[in-house]
Amino acid sequence: MGRGKIEIKRIENSTNRQVTYSKRRGGILKKAKEITVLCDAQVSLVIFSSTGKMSEYCSPSTELVKILDRYHKSAGKKLWDAKHEHLSNELERIKKENDSMHIKLRHLKGEDITSLHPKELIPIEEALQNGLACVRSKQMEYLKMLKKNERCLEEENKRLSYILHQQQLAMDVNVREMDHGYHQREREYHPQMPFAFRVQPIQPNLHENR
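The structure displayed is predicted, hence computed values, not measured ones.

Caption draft 1: Inspection of the pattern of salt bridges at higher detail. Under the criterion given, the structure shown has eight salt bridges. With its nearest N and O atoms 3.2 Å apart, the salt bridge here joins E12 to R10. Each member of the pair, E12 together with R10, is exposed. Ionic pairing is found between R93 and E90, a salt bridge with its closest N-O pair at 2.3 Å. In this pair, R93 and E90 are both assigned in helix α3 (residues 82-108), three residues apart and thus about one turn of the helix distant.

Written out as structure tokens, the structure reads:
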């Protein structure tokens, strides 16, 4: 007995809907891979789930952008509006400028210049000279700043040395004054305290007893 025909309509149960989506997505991706191998076809497949998750497949022999470009030419439909087209052109222009700057940078480093014409070497030489002049100017500014800082340090050192010298002189004066006062008091103290000694006999005078 064969399977009954399934009515194609939205599955209301979210769990069943997610399971069905996962199974059928796998089947579609499998079929896309099979037709690519069996029929040498160029296939590009993009699927978005209800939650916004993307799944994609593209034949190994091509790219999604190339597939879209072929579709644009074959169907005659304009996929990109003016804004997207302008952004695409701007991106291409920036890419070319970036490539050109990389080439110029290599030339400034002295790389890949053997194939250049002598006239093409002139702007490179001028750019190097201008760069060297800027570097030297920056170095001079740095040296001037170092000299200025050195002068400031010397002046500060002189100022501190002068302060230290004045403090040392003041200390020497204080020491001399203290020493002078000490000797003065010593001279004034000695005359006021005369010393007189009288020797007392330890034993009675024998001559007097006789």
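Here the narrative resumes.
Caption draft 2: Representation of the pairing of strand β1 (residues 44-48). The alternating pattern of β1 places L45 and I47 on a buried face and S44, V46 and F48 on a face that is not buried. Where β1 and strand β2 (residues 54-58) come together, five bridges link them in antiparallel fashion. If you follow S44 over to β2, its bridge partner there is C58. Linking β1 back to β2 in an antiparallel pair, the connection comprises five residues, with G52 at a positive phi of about 95°.

Caption draft 3: Region of the structure containing the side chain of T62. For T62, the position within the fold is in the loop between β2 and α2 (64-75). Take T62: its relative accessible area is 10%, and that puts it in the buried class. Setting aside chain neighbours within four positions, we find T62 in contact with Q42 and I67.

Caption draft 4: Just the nonpolar core, in detail. Counting six residues, the largest nonpolar core consists of L29, A32, V43, L45, I47 and Y57. Taken together, the elements giving at least two residues each to this core come down to α1 (14-39) and β1. Filtering out sequence-adjacent residues up to four positions away, Y57 remains in contact with L29, A32, K33, T36, V43, S44 and L45.

Caption draft 5: Region of the structure containing α2. Taking 1.5 Å per residue as the helical rise, α2 with its twelve residues ought to reach 16 Å, and the 16 Å between its terminal C-alpha atoms agrees with that figure. A positive phi of about 70° marks G76, the residue just after α2.

Caption draft 6: Structural view of the environment of S50. Mapping S50 onto the fold places it in the loop between β1 and β2. Between the C-alpha atoms of S50 and Y21, which are 29 residues apart in sequence, the distance is 9.4 Å.

Parameters and conventions
All residue numbers refer to positions counted from 1 along the written sequence of the respective chain. The model is predicted, so local features are restricted to residues of pLDDT at least 70 and side-chain atom pairs to those at 80 or more, both for listing and for counting; the totals for chains, interfaces and linings are taken over all residues. Side-chain descriptors were evaluated using all non-hydrogen atoms of the structure, hydrogens and water having been removed beforehand. Here, a salt bridge means any side-chain nitrogen of Lys or Arg that lies within 4 Å of a carboxyl oxygen of Asp or Glu. Burial classes follow relative accessibility: with a 1.4 Å probe on protein chains only, a residue under 20% of its type's maximum area counts as buried, one over 50% as exposed, and anything between as partly exposed. What counts as a helix is a DSSP run of H or I of at least four residues, what counts as a strand is a run of E of at least two, and both are numbered from the N terminus. Note: two strands are recorded as paired if DSSP finds a minimum of 2 bridges between them. Here, residues are in contact when the closest pair of their heavy atoms is within 4.5 Å. We call a set of buried Ala, Val, Leu, Ile, Met, Phe, Trp, Tyr and Cys residues a nonpolar core when their side-chain atoms join them within 4.5 Å. A helix is expected to span 1.5 Å multiplied by its residue count minus one.

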